[in-house]
Amino acid sequence: MPEPVPSASSESLPRIGIIGAGIAGLAAAIRLRLEGAHVEVFEAADTAGGKLGELVLGEYRFGIGPSLLTMPEYIDELFELAGEVPGDHFRYRRLDTVCRYAWEDGTRLDARANPKAFAEEVERVLGVPAQRVLKTLAHGEEKYHLTGRTFLEKSLHTPGTWLTPEVGHALTRLHRLDLTRTLHQVHERDLGEPHLVQLFDRFATYNGSNPYRAPGLLSMIAHFEHGAGAFVPEGGMPAIGRALYGLAERLGVAFHFETRVAEILTQKQGRRPRAVGLRLEDDRQMLFDRVVSNMDVFFTHERLLPDAPAPRRVLAREKSTSALIFYWGVNKSFPELDVHNIFFSEDYAAEFGALEAGTLCDDPTVYVSISSRYDDSAAPAGSENWFVMINAPFATPEQDWSALIERTRERVIQKLERMLGHEGEKAGLREAIVEECVFDPTTIEARTLSHLGALYGTSSNDRMAAFMRHPNDSRHVDGLYFCGGSVHPGGGLPLCLLSARIMTDVMTRREPLARHTPDSKDDV
Ligand SMILES: Cc1cc2nc3c(=O)[nH]c(=O)nc-3n(C[C@H](O)[C@H](O)[C@H](O)COP(=O)(O)OP(=O)(O)OC[C@H]3O[C@@H](n4cnc5c(N)ncnc54)[C@H](O)[C@@H]3O)c2cc1C
């Protein structure tokens, strides 16, 4: 990618160095540039996007990580802030069916995005009254409205966050938040029917948590998919990273690809050290007034600040789950599948029990996402690009991934052939797989530089999780800020985008920048 050289006049602007061009690093670069800073981004990989990267296998293209897009308005917001029309650079559409669910007993359910249509389908297939489903979704939405603005959109480490009418109102409604029940207990209470409980429990995995431990407050996640909606971007998920990179470039952000940062340079200034620049892997030193890390926060402390004090308790928090992913080029079409498909395990509790024990169960829930369903260019005609993912524990030294992969691959193929009704066929799924690549938690750690291969930073398995996530600024080093899935408010694309917004807010309140208007970008 080209490296735009900032012009001389940018020397008078506050200089900010950002480590990492993941979605949050890109959003931070855009926001800080618009706030009036000279911004340079250092990225170890050769492209922007981080986990939103692309994998090409022969004639098949895959998004490496995220497959489900929710809350695209946070992406639009960045184009609007820059005075651009989002649809000129990034287009997406809403899915009518958010997911096609299948169980081993033959039950099939298409989850429509529209809450009423979804509830009616649940009543028809599972016999649970539609009103009960709608009430459960409405309760999730209520939890989101009671807590979302405080817990997801603001810093939890700024006193002003807590002195608001919203917090006062939430305190009067604490009993509605289900803080003393697990997510699974809430679903048993509100829905009862086992298939439906399993379907709703799965929302815990949207931030890498365990429904048997995560607090009932997380039932708000169902609202994101069924209330706010699920979307597919034109050009596939990697198009998100490309679009934001394009916007950042147009604004004059400077990018350095294949440039790994080796150290955050600090200088003692007053009581605490201050971040004053970056040392790159080739030993070059770049001076900055402020530094933002979009790199996994554990590695930021461990590798880039080895001698600085670190928030040990926060960094030792339990990680979110990881994944075992099979990227399969499949040379035929399976019309019975949709964009997002779930094949449930028969014993969900045993599946999460295995994850807690650091291994995989014999019958995992299998997620199959096929982006060629909405993006023709991702696979040859009549073929499909299957992203097949099962939840996996974060990496530990005892795991033997080659043995686990061999065993699980066989079980996954058998399960899919059985549940798709292709068992025993000569030309089933097995024969149709013509391209293959496998990522396990150790590959994910190496490829995306995420500690232990966790997909979403730390887990939300306890009530204190939100408070114990790393803040968006450093308590130990002045001038050092954080954004991305491993810090507040957590992992997943929407929250990463919010982390960049919160971080910019925290930084500019503490150390104001001269606001930059989009029209004046030429003087950078
Ligand atoms: C398999 C998988 C499936 C997922 N599914 C979904 C989904 O369906 N929906 C959803 O919303 N979210 C999903 N997520 C989560 C989502 O992808 C992440 O939360 C989000 O992309 C993380 O973005 P980030 O900004 O934190 O940074 P990352 O994408 O982690 O990027 C960080 C960047 O920093 C760079 N870097 C690291 N160290 C250095 C260094 N020393 N010097 C220079 N650069 C460095 C890395 O190369 C990387 O590009 C999934 C994640 C994975 C892995």
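Residues numbered from 1 in each chain as written. Predicted model: local features only at pLDDT ≥ 70, side-chain atom pairs only at ≥ 80, totals over all residues. Heavy atoms only, no water.

### Focus: the environment of Gly277
Stated formally: In this text, helices come from DSSP runs of H or I with a minimum length of four residues, and strands from runs of E with a minimum of two, each type numbered from the N-terminal end. Buried means the residue's accessible area, taken with a 1.4 Å probe over protein chains only, is under 20% of the maximum for its type, while exposed means over 50%, and partly exposed covers the values in between. Any two residues having at least one pair of non-hydrogen atoms within 4.5 Å are treated as being in contact.
Inspection of the secondary structure assignment puts Gly277 in strand β11 (residues 272-280). Assessed through its relative accessible area of 0%, Gly277 is described here as buried. Between the C-alpha atom of Gly277 and that of Arg290, which follows or precedes it by 13 residues, the distance is 7.4 Å. Every residue in contact with Gly277, bar those within four places of it in the chain, is listed here: Glu263, Ile264, Leu265, Met286, Leu287, Phe288 and Val291.

### What about the site of the ligand?
How we decide: Here a residue is considered near a molecule or strand provided that any single heavy atom belonging to it is located within 4 Å of it. N or O atoms within 3.5 Å of each other form a polar contact, as long as, within protein, one can give a hydrogen and the other can take it, and as long as residues adjacent in sequence are counted only when both atoms are side-chain atoms. Only the protein chains shown count as cover for residues, and all accessible areas are computed by the Shrake-Rupley method using a 1.4 Å probe. Think of it as three bins: nonpolar holds Ala, Val, Leu, Ile, Met, Phe, Trp, Tyr, Cys and Pro, charged holds Asp, Glu, Lys and Arg, and polar takes everything else, Gly as well.
Every one of the 31 residues lining the ligand counts as a neighbour, but Glu43, Lys51, Gly485, Gly492 and Leu493 are closest to it. Ala24 places a polar main-chain atom, nitrogen or oxygen, 2.9 Å from an oxygen atom of the ligand. Within the backbone of Ala44, a nitrogen or oxygen atom sits 3.0 Å from a nitrogen atom of the ligand. Compared with its free state, where it exposes 1,000 Å², the ligand has 94% of that area covered by protein. For the shell around the ligand, the secondary structure elements donating two or more residues are α1 (23-34) and α18 (493-510). In terms of residues, the shell around the ligand owes the most to one element, α18, which gives three residues. Looking at the shell around the ligand residue by residue, the class counts come to 16 nonpolar, 12 polar and three charged.

### With respect to the domain arrangement of the protein
Our working definition: Segmentation of the chain into domains, including their bounds, is taken from an automatic or database domain assignment. Throughout, the accessible surface (probe 1.4 Å) given up by two parts as they are put together, summed over both, is called the buried area. Criterion for a salt bridge: a side-chain nitrogen of Lys or Arg within 4 Å of a carboxyl oxygen of Asp or Glu.
Looking at the protein, the domain boundaries give domain 1 (8-54 + 67-91 + 236-317 + 469-523), domain 2 (118-229) and domain 3 (319-451). Using C-alpha coordinates to define each centre, domain 2 is positioned 27 Å away from domain 3. Taken together, the contact between domain 2 and domain 3 spans 12 residues of the former and 10 residues of the latter. Looking only at domain 2, the three residues that lose the most surface to domain 3 are Gln198, Arg202 and Tyr212, adding up to 51% of its buried area. Summed over the shared surface of domain 2 and domain 3, the number is one salt bridge. When the shortest N-O distance is used, the salt bridge between Arg213 and Glu356 registers 2.9 Å. Linking domain 2 with domain 3 are five residue pairs in polar contact (both at pLDDT 80 or more).

### Focus on the packing of α1 against helix α10 (residues 238-251)
To keep things clear, this is the line we draw: The axes used here are C-alpha line fits, helices contributing only the stretch in contact, and every angle between their N-to-C directions lies in the interval 0 to 180 degrees. Orientation categories follow fixed angle ranges, with anything under 35 degrees roughly parallel, anything over 145 roughly antiparallel, 65 to 115 roughly perpendicular, and all other angles oblique. Two helices crossing with the near one rotated counterclockwise from the far one by less than a right angle form a left-handed crossing, whereas a clockwise rotation gives a right-handed crossing.
For the pair α1 and α10, interaxial distance at closest approach is 9 Å and the crossing angle is 25°. With respect to α10, the axis of α1 lies roughly parallel. As α1 runs across α10, the sense of the crossing is left-handed. In contact with Ile23, Leu26, Ile30, Arg33 and Leu34 of α1, α10 contributes Ile240, Gly241, Leu244, Tyr245, Leu247, Ala248 and Leu251. Here the residues of the contact of α1 with α10 are counted per class, giving 10 nonpolar, one polar and one charged.

### Observations regarding the nonpolar core
Nonpolar side chains tend to gather and get buried jointly when the protein is soluble and globular. Under the convention used in this document: Nonpolar cores are built from buried Ala, Val, Leu, Ile, Met, Phe, Trp, Tyr and Cys residues. Side-chain atoms within 4.5 Å join them into one set.
Among the nonpolar cores identified, the biggest contains 139 residues, and Trp328 and Trp386 are the most heavily contacted of them. The greatest single-element share of this core, amounting to 10 residues, is contributed by α18. Within the second largest apolar cluster, 23 residues are counted, among which are Leu280, Phe288, Val291 and Leu305.

### Comments concerning unusual backbone geometry
Leaving glycine out, the prevailing phi sign among residues is negative, and the prevailing peptide bond configuration is trans. Following His488, the chain continues into Pro489 via a peptide bond in cis, with omega recorded as 5°. Locating Pro489 in the fold gives a position in the loop between β19 (480-482) and α18. Phi angles above zero are rare outside glycine, and Met71 is one such case at about 50°. The exposure class of Met71 is buried, given its relative accessible area of 5%. Positive phi outside glycine occurs at Leu452, with the angle close to 60°. Relative to the helices and strands, Leu452 is located in the loop between α16 (441-448) and α17 (465-468).

### Topic: the layout of surface pockets
Short version of the rule: Here a cavity denotes grid points, spaced 1 Å and computed from the protein atoms alone, that fit a 1.4 Å probe unable to get out, and a pocket denotes an open set having protein on both sides within 12 Å along at least 5 of 7 lines; residues with an atom within 4 Å of a point are the lining. Grid points are joined across faces, edges and corners, and a volume is the space filled by probe spheres set on the points.
Taken as a whole, the second largest pocket encloses approximately 310 Å³ of empty space. Along the wall of the second largest pocket there are 16 residues; nearest its centre are Lys154, Ser155, Thr161, Asp505 and Arg509. Going through the elements one at a time, α5 (159-162) and α18 are the ones with two or more residues in the lining of the second largest pocket. The element that contributes the greatest number of residues to the lining of the second largest pocket is α18, accounting for six residues. Residues belonging to the lining of the second largest pocket are distributed by class as follows: two nonpolar, five polar and nine charged. Counting contributing residues per domain, the lining of the second largest pocket is built from domain 1 (8-54 + 67-91 + 236-317 + 469-523) and domain 2 (118-229), each supplying no fewer than three.

### Let's talk about the sheet that holds strand β2 (residues 38-42)
Put simply, the rule reads: Note on pairing: two strands pair once DSSP finds at least 2 bridges between them.
The sheet built from five strands is open, its strands ordered β9-β2-β1-β13-β19 with parallel pairing. In this open sheet, the two edge strands, each paired with only one partner strand, are β9 (254-256) and β19. Shown here is a sheet whose adjacent strand axes are inclined to one another by a mean of 20°, direction ignored. Alignment of strand β13 (residues 290-293) against β19, held across three bridges, turns out to be parallel. Bridge assignment links Val292 to a residue of β19, and that residue is Tyr481.

### Quick notes on the pairing of strand β17 (residues 384-392)
In terms of burial, β17 is largely enclosed, as nine of its nine residues are buried. On β17, burial covers both faces: Glu384, Trp386, Val388, Ile390 and Ala392 on one face and Asn385, Phe387, Met389 and Asn391 on the other are all buried. In terms of strand pairing, strand β14 (residues 322-330) meets β17 through nine bridges, oriented antiparallel. Looking across to β17, one finds that Leu324 is bridged to Ile390. Across four bridges, the pairing between strand β16 (residues 366-370) and β17 is antiparallel. The residue bridging Val368 from the neighbouring strand is Val388, located in β17.

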